[in-house]
Amino acid sequence: MLSGPLAIASTTRVTSSRCRLVATRRVARIELQTQDGLTFESTLYPIAPGSIDATQAFLVLAPLDGVTGTVIAYDAAGNELQREHVSTTG
């Protein structure tokens, strides 16, 4: 079971070969705010009920050379639900 509305891998290091980006149904929008001030919107995808312990998966497309920043989950009213620091590798 997810401990919060958002789960980002098992560590803060996300790579293309080991990536678990899932969210609960409370999450309506997710964005990545990079260390250098850029913001990337995510896309949420539904997950078939019972397949894993989440209702949505999400994808954030960021620069190929890697990025460090914060993934922020919001509810439908725009309230912040959770923040997670991430560092990606290209």
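A short tour of the structure in this document, coming up. (Residues numbered from 1 in each chain as written. Predicted model: local features only at pLDDT ≥ 70, side-chain atom pairs only at ≥ 80, totals over all residues. Heavy atoms only, no water.)

1. Notes on the packing of aromatic side chains
Applying the stated rule across the entire model yields zero aromatic pairs. One residue, R29, lies across the ring of Y74, its end atom 4.0 Å from the ring centre. (Phe/Tyr/Trp six-rings, centres within 6.5 Å; stacked < 30°, edge-to-face > 60°. Lys NZ or Arg CZ within 6 Å of the ring centre and 35° of its normal.)

2. Topic: the pairing of strand β9 (residues 80-88)
Here strand β8 (residues 68-74) runs beside β9; their pairing, made up of seven bridges, is antiparallel. Pairing of G69 across the sheet is with V86, part of β9. Count of turn residues in the β8/β9 antiparallel hairpin: five residues, of which G78 carries a positive phi of about 90°. (Pairing = 2+ DSSP bridges. Helix = DSSP H or I, 4+ residues; strand = E, 2+ residues; numbered from the N terminus.)

3. Some remarks on the pattern of salt bridges
A side chain of one charge can pair with a side chain of the opposite charge when the charged atoms of the two come close. Taken as a whole and judged by the stated rule, the model has three salt bridges. The salt bridge involving R29 is made with E31; its shortest N-O contact spans 2.9 Å. When its relative accessible area of 31% is taken as the criterion, R29 is described as partly exposed. Note on E31: relative accessible area 7%, which makes it buried. E80 is paired through a salt bridge with R83; the nearest N and O atoms lie 2.8 Å apart. Overall, E80 belongs to the partly exposed group, its relative accessible area being 41%. R83 sits in the partly exposed class, given a relative accessible area of 45%. (Salt bridge = Lys/Arg side-chain N within 4 Å of Asp/Glu carboxyl O. Buried < 20%, exposed > 50% of the residue type's maximum accessible area, 1.4 Å probe, protein only.)

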